[in-house]
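Below are the chains, spelled out letter by letter.
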Amino acid sequence: MADIDPNAIITQVILSEIEKTIESVKGAFKGAYDQAKAKLNVGYSDYIKRNYAKCAQIKTILYRHQPVLLKKHYVSPHLNINKKRVGEDEIFESLAEPSRIVITGTAGSGKSLFMKNAYLEFVNQGKRMIPIFIELRGLNDESSKTLKSFIFSEISRISPAITEEFFDLGLKHGSFALFLDGFDEIDYKQTKKIEKEVLALAAAHSKCTFIVSSRVDECFFAWQDFKVYRILPMNKNQIVELISKIEYEEIVKTKFIKRIEGELFQSHEEFLSNPLLATIMLLTFEQIADIPEKMHIFYQQAFETLFQRHDATKEMYKRERYTTFPMDEFKKYLGAFCLVTYLDQKFSFDEETALAFLDEAFELEGSSIGREDKEKFLKDLLMSVCMLQKDGVEVQFSHRSFQEYFCAYYLCQCDPGSVGKLLDEIVPRVLFDRTLALIRDMNPELFDRYWTLPRLRQIIGKVQSIDPKTHPKEFLKLFCDQLIVIKQPKIVHFREKGRMGRNWFLIRFIYLNESFSMEKHDEKIALIEKSQGPIHKEAMRVRYPLEDLPADLVGQLLRIDGRHDDKALLAKLNSQLMERYARKDEQMDRLIAKARK
């Protein structure tokens, strides 16, 4: 980095793109051509320099008081595409030409760091386009805006000289490389809308580059022109390199690295192969010799360490807390705060909004503390326990996994009567975050009794009067109204219809863990192609109304899909769960009767 002058590179790239952008409409400017060119040069330069500086520095759970240089702490990940392992250099090289790329990964795998580093590399290597870095979570506060108008507003907020007319010209002439970070952080109610807008924007502006980051989501299989890369878990050498770069007490780091190089990585690879969790484990390592096997215990220990421990950069110095809540009470209020923000799909907010969420959280707990105490609690979340961190004027979770853990923790303490309804809002996110897995791990009985069993009874009650063998279409209509065929890779599924269809899918996913073989996918596609004609090679996603398919074909698809078999499997699951908890209730009744004698 020291040998690179990004300002010189930025100026060179900007001037080249401005020439290309306005040359075709030069006549419209007449004598103002040079003035327009100068304004754009300053505007885009200011924008890129501001974003470059922002991406070049990071704040993490360890570096919350002062940002550090990303390049000094960055470890290059390995990625996977079509079962092929690649390095990030392959992606950087592809950005020399208009590209369509999705970067996926699990929570804490380093997607945002990858995107920031890619932005820096894009500038440092003097790529020919103007790079635009957009944090998509900002759309949650701008729900009335389209993606395109939001991107423009983010640019013009920093560089007012860039008008919408010039932005449109830049898109038309392929002047931009758009780095869209955090697709998974968009409110799930908006996801489908924004997905369509990303694809439409990419289709309309083929000369521009689009690179999107997100947690893993099967929707990306249908993004026809996009290459989908997945960040792989880190290996032992990468984690050792990561830990060695962290500014932390050298004695603790040395001991921790020695354990990793010994037996610890092999026994706790799930934690240690994830950069975020490995960093948190370093925090807990000094005092907790027994590394937990379960994820929720790991997060519990991490919080207790942050709540009680000294500052990592100041040996044996105990951090001041601004509130006097004991740990269990503090954790309860934090859980309520995480629940209300999680349900509202908010991962970052300004301080006033954070205080408004705290109003909801304390009210939920029946507490009427004043604004001053709420401000102190917010300071504790930022400074003492580091659950939140500042990013400019925004406040955000140090990592979303903390929000998910405390949301799960709070729900496990809730009145069972309200848990079922709350879980209805959370369960659909099972494919995107850890909240459900944490709830089931912490309190499986709560989940089984108050969500699964009532939904199983509803499903079984509705389908028991229809025989899927003799009336396949009527049976399938209970759950879907459309067949969707997706190719590359080959995936076929029925579109869910209402809550019943969704719950059927979720119960299958959570309990039955059904995974369809490629042979079944191929068979299903062959049936569709045979009956409806070949799928166009350029069409990633083809929809077939269920009503238009012949009953015998629906019957064949139903058997391949497994829904016919699942009718019996779900009835069996219902019986097993009812028997398990009936047996437990009987045991409890006997214990109570014995105690009363």
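A. Geometry of the overall build of the protein. When its secondary structure is counted, the protein shows 26 helices and 15 strands. Relative to its full complement of 597 residues, the protein shows a buried share of 53%. Intrachain contacts of the protein at a sequence separation of at least 6 include 73% that bridge at least 24 residues. Accessible surface, the protein as shown: approximately 27900 Å² in total, 50% of it carbon and sulfur.

B. Molecular detail of helix α9 (residues 191-204). Taking 1.5 Å as the rise per residue, α9 with 14 residues should run 20 Å; its terminal C-alpha atoms sit 20 Å apart, in good agreement. Listing the buried residues of α9 in full gives T191, I194, E195, E197, V198, L201 and A202. Down the axis of α9, the sector holding all buried residues measures 165°, keeping them to one side. Residues of α9 that are exposed and point over 90 degrees away from its buried face: K192, K196, A203 and A204.

C. Broad picture of the pattern of salt bridges. Inspection of every chain in the model, using the stated rule, returns 26 salt bridges. In this structure, K193 engages E197 in a salt bridge whose closest nitrogen and oxygen atoms are separated by 3.2 Å. Remark: E197 and K193 occur in helix α9; sequence separation between them is four residues, near one turn of the helix. When salt bridges with common partners are traced through the structure, they connect K54, E135, R137 and E185 into a single cluster.

D. Spotlight on the sheet that holds strand β9 (residues 227-231). As summarised here, the arrangement of the seven strands in space is β4-β3-β9-β5-β8-β7-β6, forming an open sheet in which the pairing is mixed. Here the strands that pair on one side only, and so sit at the sheet edges, are β4 (84-87) and β6 (130-135). Geometrically, the sheet is characterised by an average inter-axis angle of 25° between neighbouring strands, direction not taken into account. With four bridges connecting them, strand β3 (residues 78-81) and β4 associate as antiparallel partners. In the sheet register, N80 faces β4, and the bridge partner there is R85.

E. Structural view of the confidence of the model for the protein. Summarising the model, the protein shows a mean pLDDT of 81, and 81% of its residues fall at 70 or more. pLDDT under 50 marks residues 514-518. Its contacts with residues more than four places away, or in other chains, come to eight contacts.

F. Quick look at the side chain of R455. Mapped onto the elements of the fold, R455 is located in helix α21 (residues 444-463). Judged by relative accessible area, which is 12%, R455 ranks as buried. A polar contact of 2.8 Å, which involves the side chain of R455, links it to the side chain of D424. Beyond its immediate chain neighbours, meaning those up to four positions away, R455 contacts G420, D424, Y450, N503 and I507.

G. Just helix α16 (residues 351-364), in detail. Taking 1.5 Å as the rise per residue, α16 with 14 residues should run 20 Å; its terminal C-alpha atoms sit 20 Å apart, in good agreement. Restricting attention to buried positions, one finds in α16 the residues A354, L355, F357, L358, A361 and F362. Here the buried residues of α16 occupy an arc of 160° about the axis, which is enough to place them on one side. Where α16 is buried, its residues contact α15 (327-343), β10 (348-350) and α17 (371-384). The opening residue of α16, the one whose side-chain oxygen lies 3.3 Å from the backbone nitrogen of E352, is D350. Once α16 finishes, G366 follows within two positions and takes phi at roughly 70°, a positive value.

H. Expanded view of the environment of R502. Position of R502 relative to the elements: it lies in helix α23 (residues 498-512). The exposure class assigned to R502 is partly exposed, which follows from its relative accessible area of 22%. Once the C-alpha coordinates of R502 and V427 are considered, the two residues, 75 residues apart in sequence, prove to be 9.7 Å apart.

I. Representation of the packing of α15 against α16 within the structure. Taken N-terminus to C-terminus, the directions of α15 and α16 make an angle of 120°; their axes are 8 Å apart at the nearest point. As far as their axial angle goes, α16 and α15 are oblique. Helix-helix and strand crossings are classified by hand; for α15 and α16 the assignment is right-handed. Between α15, through Y333, A336, F337, L339, V340 and T341, and α16, the contact on the second element is made entirely by A354, F357, L358, E360, A361, F362 and L364. Here the contact of α15 with α16 is composed, by residue class, of eleven nonpolar, one polar and one charged.

J. Highlighting the environment of N117. Mapped onto the secondary structure, N117 falls in helix α6 (residues 111-124). Its relative accessible area of 2% is what places N117 among the buried residues. When the C-alpha positions of N117 and C55 are compared, they lie 7.2 Å apart, and in sequence the two are 62 residues distant. Apart from residues lying up to four places away in sequence, N117 is in contact with L70, K71, Y74, E88 and F92.

K. Spotlight on the packing of α21 against α23. Contact geometry for α21 and α23: axes closest at 10 Å, N-to-C directions at 125°. As far as their axial angle goes, α23 and α21 are oblique. When the axes of α21 and α23 are compared, the crossing they make is left-handed. For the pair α21 and α23, contact is made by F447, D448, W451, T452, R455, L456, Q458, I459, K462 and V463 and by M500, N503, W504, L506, I507, I510 and Y511, respectively. Its residues assigned to classes, the contact of α21 with α23 shows eleven nonpolar, three polar and three charged.

L. A look at the side chain of H296. Residue position: H296 is located in helix α14 (residues 295-308). Residue class for H296 comes out buried when judged on its relative accessible area of 13%.

M. Main features of a nonpolar patch on the surface. Together, L431, F432 and F509 make up an exposed nonpolar region whose accessible area comes to about 240 Å². Relative to the helices and strands, L431 resides in the loop between α19 (416-426) and α20 (435-442).

N. Seen up close, the environment of S99. In this structure, S99 sits in the loop between α5 (88-94) and β5 (100-105). On the basis of relative accessibility, which here comes to 9%, the residue S99 falls in the buried class. As a C-alpha pair, S99 and F226 span 127 residues in sequence and 7.9 Å in three-dimensional space. Here S99 is in contact with S94, C208, T209 and F210, once residues within four sequence places are set aside. Reaching out from S99, the side chain makes a polar contact with the backbone oxygen of S94 at a distance of 2.6 Å.

O. Examining the pairing of β3 more closely. Of the two faces of β3, only one is covered, namely that formed by L79 and I81; the face formed by H78 and N80 stays uncovered. The loop that links β3 with its antiparallel partner β4 comprises two residues; one of these, N82, has a positive phi angle of about 50°. Two elements, β3 and β9, share two bridges in a ladder whose sense is antiparallel. Looking at the pairing, N80 lines up with R230 of β9.

Scoring rules and cut-offs
- Numbering of residues starts from 1 in each chain and follows the order in which that chain's sequence is written.
- Restriction of local features to residues with pLDDT of at least 70 applies here, the model being predicted, together with a cutoff of 80 or more for giving and counting side-chain atom pairs; totals for whole chains, interfaces and linings are based on all residues.
- The basis for every side-chain value is the complete set of non-hydrogen atoms in the structure, without hydrogens or water.
- A run of H or I in DSSP becomes a helix once it reaches four residues, and a run of E becomes a strand once it reaches two; helices and strands are each numbered from the N terminus.
- For every residue, the accessible area obtained with a 1.4 Å probe (protein chains only) is divided by the maximum for its type, and the residue is called buried under 20%, exposed over 50%, and partly exposed between those limits.
- In this description, contact between two residues means that some pair of their heavy atoms is separated by no more than 4.5 Å.
- Using the Shrake-Rupley algorithm and a 1.4 Å probe, accessible areas are obtained, with residue cover drawn only from the displayed protein chains.
- Here the expected length of a helix is defined as 1.5 Å per residue gap, with one fewer gap than residues.
- Working note: the arc is built from the helix axis to C-beta atom directions.
- Should a side-chain nitrogen of Lys or Arg be within 4 Å of a carboxyl oxygen of Asp or Glu, the pair is scored as a salt bridge.
- Two strands are said to pair when DSSP picks up at least two bridges between them.
- Only C-alpha atoms enter the line fits that serve as axes; for helices the fit covers just the stretch in contact. Angles between N-to-C directions range over 0 to 180 degrees.
- Confidence scores here are pLDDT values: one per residue, from the predictor, ranging 0 to 100.
- Think of a polar contact as two N or O atoms within 3.5 Å of one another; within protein, one of them needs to be a possible hydrogen donor and the other a possible acceptor, and neighboring residues in sequence only count if both atoms come from side chains.
- For this classification, under 35 degrees means roughly parallel, over 145 means roughly antiparallel, 65 to 115 means roughly perpendicular, and everything else is oblique.
- By the definition used in this description, the sense in which the near helix is turned from the far one sets the handedness, with an anticlockwise turn below a right angle giving left-handed and a clockwise turn giving right-handed.
- Classes in brief: Ala, Val, Leu, Ile, Met, Phe, Trp, Tyr, Cys and Pro nonpolar; Asp, Glu, Lys and Arg charged; the others, Gly included, polar.
- Candidates for patches are residues over 30% relative accessible area with no salt bridge; among them, like charges are joined within 9 Å and nonpolar side chains (Val, Leu, Ile, Met, Phe, Trp, Tyr) within 5 Å.

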